[in-house]
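Fold and contact review
Each chain, written out:
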Amino acid sequence: ERPRRHRRTVGAAAGPGDGADGRPRPSEQKVSPVPDIIVQSRDGGEDEFVLIACDGVWDVVGNQEGVDMVADVFGEGEEDV
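All of these numbers come straight from a predicted model, not from anything done at the bench.

1. Digging into the overall build of the chain
Summing up its helical and strand segments, the chain has three helices and zero strands in all. Ordered by position in the sequence, the α and β elements of the chain form the string α-α-α. Looking at the 81 residues of the chain, the share that counts as buried comes to 9%. Restricting to contacts in the chain with at least 6 residues of sequence separation, those with at least 24 account for 3%. Only carbon and sulfur atoms are counted for the fraction: they give 49% of the accessible area of the chain, which is about 7,600 Å².

Shown next as structure tokens:
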């Protein structure tokens, strides 16, 4: 099996463009420059931490694995991550 490779246009797609500068318009980009924003209520009595990571992390780490990794760091005595 051949290794997967990213398309060279991904880096250029991360910046805004109007087409005049050679970069694609946002509607033509393979990667969206528009962030996903979710407002989530927290329960200080139940929530131990908030785990925020880029999609590159979530491509290789599942939700529970990410939680377990952070919980292990706190379990080792870390208090300020």
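2. Here's the deal with the confidence of the model for the chain
Taken as a whole, the chain shows an average pLDDT of 75; of its residues, 73% reach a score of 70 or greater. Predicted confidence in the chain is weakest over helix H1 (residues 9-13), with a mean pLDDT of 41, and strongest over helix H3 (residues 63-75), with 91. Contacts for the low-pLDDT stretch residues 4-15, under 50 throughout, to residues beyond four places or in other chains number nine contacts.

3. Some details on the pattern of salt bridges
Counting across every chain of the model gives one salt bridge. The closest approach of N and O atoms between Arg42 and Asp47, which form a salt bridge, is 3.7 Å. By relative accessible area, Arg42 is classed as exposed at 53%.

4. Some words on a negative patch on the surface
A cluster of acidic residues, Glu65, Asp68, Asp72 and Glu76, forms a negative patch at the surface. Mapped onto the fold, Glu65 is located in helix H3.

5. Considerations on the packing of aromatic side chains
Summed over all chains, the structure comprises one aromatic pair. Measuring from centroid to centroid gives 5.8 Å for Phe49 and Phe74, while their planes differ by 25°, and the two rings are stacked. Residue Phe49 is found in the loop between H1 and helix H2 (55-58), and its partner Phe74 is found in helix H3; the two are separated by 25 residues along the sequence. Residue Phe74 is classed as partly exposed on the basis of its relative accessible area, which comes to 30%.

Reading guide: rules and limits
- Within every chain, residues take consecutive numbers counted from 1 along the sequence as written.
- With pLDDT at 70 or above as the cut-off, local features in this predicted model cover only qualifying residues; side-chain atom pairs require 80 or more to be listed or tallied, and sums for whole chains, interfaces and linings still use all residues.
- Computation of side-chain values: all heavy atoms of the structure, hydrogens and water removed.
- Helix and strand definitions here come from DSSP, where helices need a minimum of 4 consecutive H or I residues and strands a minimum of 2 consecutive E residues; each element is numbered from the N-terminal end.
- Working definition: with a 1.4 Å probe on protein chains only, accessible area under 20% of the residue-type maximum means buried, over 50% means exposed, and in between means partly exposed.
- Note on contacts: a residue pair is in contact if any heavy atoms of the two residues lie within 4.5 Å.
- Method for areas: the Shrake-Rupley scheme with a 1.4 Å probe, in which residue coverage is limited to the protein chains shown.
- A score from 0 to 100, pLDDT tells how confident the predictor is in each residue.
- We define a salt bridge as a side-chain nitrogen of Lys or Arg found within 4 Å of a carboxyl oxygen belonging to Asp or Glu.
- Two distance rules govern patches: like charges are joined within 9 Å, and nonpolar side chains (Val, Leu, Ile, Met, Phe, Trp, Tyr) within 5 Å, applied only to residues with over 30% relative accessible area and no salt bridge.
- Counting rule applied: Lys, Arg positive; Asp, Glu negative; His and chain ends not counted.
- A charged residue contributes its charge at one atom only: NZ of Lys, CZ of Arg, CG of Asp or CD of Glu.
- For Phe, Tyr and Trp, rings pair up if their centres lie within 6.5 Å, where Trp contributes its six-membered ring, and each pair is then called stacked (planes under 30 degrees apart), edge-to-face (over 60) or tilted (otherwise).

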